[in-house]
Amino acid sequence: MNNYSVILSNVGSCSDRYVTGGYAEPFTIEELFARVAQIPQVNGVELIGSWHVTESNVKQLKGLLEQYELKLVSIIPDHFGQMKWKNGSFAAKDHAVRKSAIAHTKEMIDAAVELGGSLISLWPGQDGYDYLFQADYIQERDWFAEGLLEVCRYRADVNISLEYKPKEPRTHSYLSTVATSLLMAQEVGTDNIGVTIDFGHALNAYETPAESVAMLKKYGERLFHVHMNDNFRHWDDDMIVGSIHTIETLEFFYWLKRTGYKGWLSIDQYPYREDGLEAVREGVLAMESFVHLVDSIPSGEIEALLQGGKSPEITAYLRKLLLSLDR
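A quick note: this is a predicted structure, and the numbers were derived from the prediction, not measured. (Residues numbered from 1 in each chain as written. Predicted model: local features only at pLDDT ≥ 70, side-chain atom pairs only at ≥ 80, totals over all residues. Heavy atoms only, no water.)

Caption draft 1: Highlighting the overall build of the protein chain. When you go through the protein chain residue by residue, the secondary structure sums to 11 helices and 10 strands. Taken over C-alpha atoms, the radius of gyration comes to 20 Å for the protein chain, in line with the 20 Å a tight globule of 327 residues would show. Each principal axis of the C-alpha atoms in the protein chain carries an extent, and together these give about 60 × 45 × 40 Å. Relative to its full complement of 327 residues, the protein chain shows a buried share of 52%. A separation of at least 24 residues holds for 77% of the contacts in the protein chain among residues at least 6 apart in sequence. Surface accessibility of the protein chain: about 15,400 Å² in total, with carbon and sulfur atoms responsible for 53%. Taken as two groups, the 30 positive and 46 negative side-chain charges of the protein chain have centres that lie 4 Å from each other. (Helix = DSSP H or I, 4+ residues; strand = E, 2+ residues; numbered from the N terminus. Rg over C-alpha atoms; globule rule 2.2 N^0.38 Å. Buried < 20%, exposed > 50% of the residue type's maximum accessible area, 1.4 Å probe, protein only. Contact = heavy atoms within 4.5 Å. Areas by Shrake-Rupley, 256 points an atom, 1.4 Å probe, with all protein chains shown as cover. Lys, Arg positive; Asp, Glu negative; His and termini not counted. Charge placed at Lys NZ, Arg CZ, Asp CG, Glu CD.)

This is the structure we're talking about:
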């Protein structure tokens, strides 16, 4: 479990609705690649459609990947950052918008294959609703599934992974939890559809992230991708890995190992006021430390705690594991 990657934007300049121009000077794509390459543990990048990938720059991106010896981990189609998606993408009421969402996804699939990748991580952040009596909960989910089925069938050798989040930018998202995402994947039914767990989104959904890993293992081997960050549960703060929910992050990494997850561990942090490179570097080092800590635990110790289920013993074990100076 040592494939570390980062969403390219994370090492750049971030903006929000208050400082829309960003909290630092912008970087070119070439500069972003050069910054990622300064983190030796990182051997892959994720790109965002229309932010990083256009019809005219695939050749340039291929050259940058080769120059910096990085693999394309996934492309995240831009179904969230343009005005045309304001009322949804795959589940939009407008048929033309739904077709546009499918077409954009197919374009990103083609780009991913050309760049040596085989994963599309979908975050349909505009698919949902804001007000009661605004949405047809059945019809719009049907449209959603139909669109996903079409893009899954477009290339069976490319995986489509659904990233869920309970809210933002809509007040309610159709892909809101691990369970709703799993249901959608099961409805589509192809072998190449699965789920992306964003650790922070799982926290927002009041899930126990490790349990989310276990559910995707139990119900069909559907964990295709992982995004790592942290937050205070109330909002998608995209903070440095392990900085808030340290024990939950430890349990998450334990269950990734226990369930045999072999995919990428990808940073999805947006360091607004921090230097992006330094914040991402710390997030990668945190992931590496959690992997090493889990690997150092003697075989059978955690399993024994799970069998016993006694909370004083569990907390004592974690106290010694994380806080003892005698380790």
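Continuing now.
Caption draft 2: Examining the packing of helix α1 (residues 29–36) against helix α2 (residues 58–67) more closely. Two elements in contact, α1 and α2, have axes separated by 10 Å at closest approach and are oriented at 20°. As summarised for this structure, α1 and α2 are arranged roughly parallel, according to the angle between their axes. The two elements α1 and α2 cross, and the hand of that crossing is right-handed. Two secondary-structure elements touch here, α1 through I29, E30 and F33 and α2 through Q60, L61, L64 and L65. (Axes fitted to C-alpha atoms, helices over the stretch in contact; angles between N-to-C directions. Parallel < 35°, antiparallel > 145°, perpendicular 65-115°, else oblique. Left-handed = near helix turned anticlockwise from the far one by under 90°.)

Caption draft 3: Quick look at the side chain of S266. You can see S266 is positioned in strand β10 (residues 265–267). Only 2.4 Å separates the side chain of S266 from the side chain of E46, close enough to count as a polar contact. (Polar contact = N/O pair within 3.5 Å; in protein donor to acceptor, adjacent residues only side chain to side chain.)

Caption draft 4: Broad picture of the environment of S74. Relative to the helices and strands, S74 is located in strand β3 (residues 71–76). Between the alpha carbons of S74 and H172 there is a distance of 26 Å; along the sequence they are 98 residues apart. Beyond its immediate chain neighbours, meaning those up to four positions away, S74 contacts V45, E46, L47, L119, S121 and H225. Within the structure, the side chain of S74 is placed 2.5 Å from the side chain of E46, a separation counted as a polar contact.

Caption draft 5: Just the packing of aromatic side chains, in detail. If you walk through the whole model with that rule in mind, you get 11 aromatic pairs. With a centroid separation of 6.1 Å and 80° between ring planes, the pair formed by F252 and F253 is classed as edge-to-face. There is no split in this pair, since F252 and F253 are both buried. In textbook terms, an aromatic cluster arises when at least three aromatic residues are bridged by ring pairs, as seen for F199, F252, F253 and F290. Above the ring of W143, the side-chain terminus of R98 is found at 3.9 Å from the ring centroid. The ring of Y219 carries the charged tip of K218 above its face, separated from the ring centre by 5.4 Å. (Phe/Tyr/Trp six-rings, centres within 6.5 Å; stacked < 30°, edge-to-face > 60°. Lys NZ or Arg CZ within 6 Å of the ring centre and 35° of its normal.)

Caption draft 6: Fine view of the pattern of salt bridges. Within the structure shown, the criterion is met by 12 salt bridges. For D295, the salt bridge identified is with K257, shortest N-O distance 3.1 Å. Pair noted here: D295 is in helix α9 (residues 276–296) and K257 is in helix α8 (residues 246–258), with a separation of 38 residues, a long-range link. (Salt bridge = Lys/Arg side-chain N within 4 Å of Asp/Glu carboxyl O.)

Caption draft 7: Here's a closer look at a negative patch on the surface. There is a patch of like negative charges on the surface, built from E55, E107, D110 and E114. On the secondary structure map, E107 appears in helix α3 (residues 95–114). (Patch = residues over 30% accessible without salt bridge, like charges linked within 9 Å, V, L, I, M, F, W, Y side chains within 5 Å.)

Caption draft 8: Summary view of the environment of M228. One can find M228 in strand β9 (residues 223–228). In this structure M228 comes out as buried when scored by relative accessible area, which is 0%. Sequence-wise, M228 and I102 are 126 residues apart; in three dimensions their C-alpha atoms are separated by 27 Å. Contacts of M228, omitting those with residues within four sequence positions, involve F199, V241, T249, F252, F253, S266, I267, D268, Q269 and M287.

Caption draft 9: Main features of the side chain of Q126. If you trace the backbone, Q126 turns up in the loop between β4 (119–122) and β5 (128–129). On the basis of relative accessible area, Q126 is assigned to the buried category, the value being 10%. Those residues within four positions of Q126 in sequence are excluded, and the remaining contacts are H79, F80, W85, K86, N87, G88, P169 and R170.

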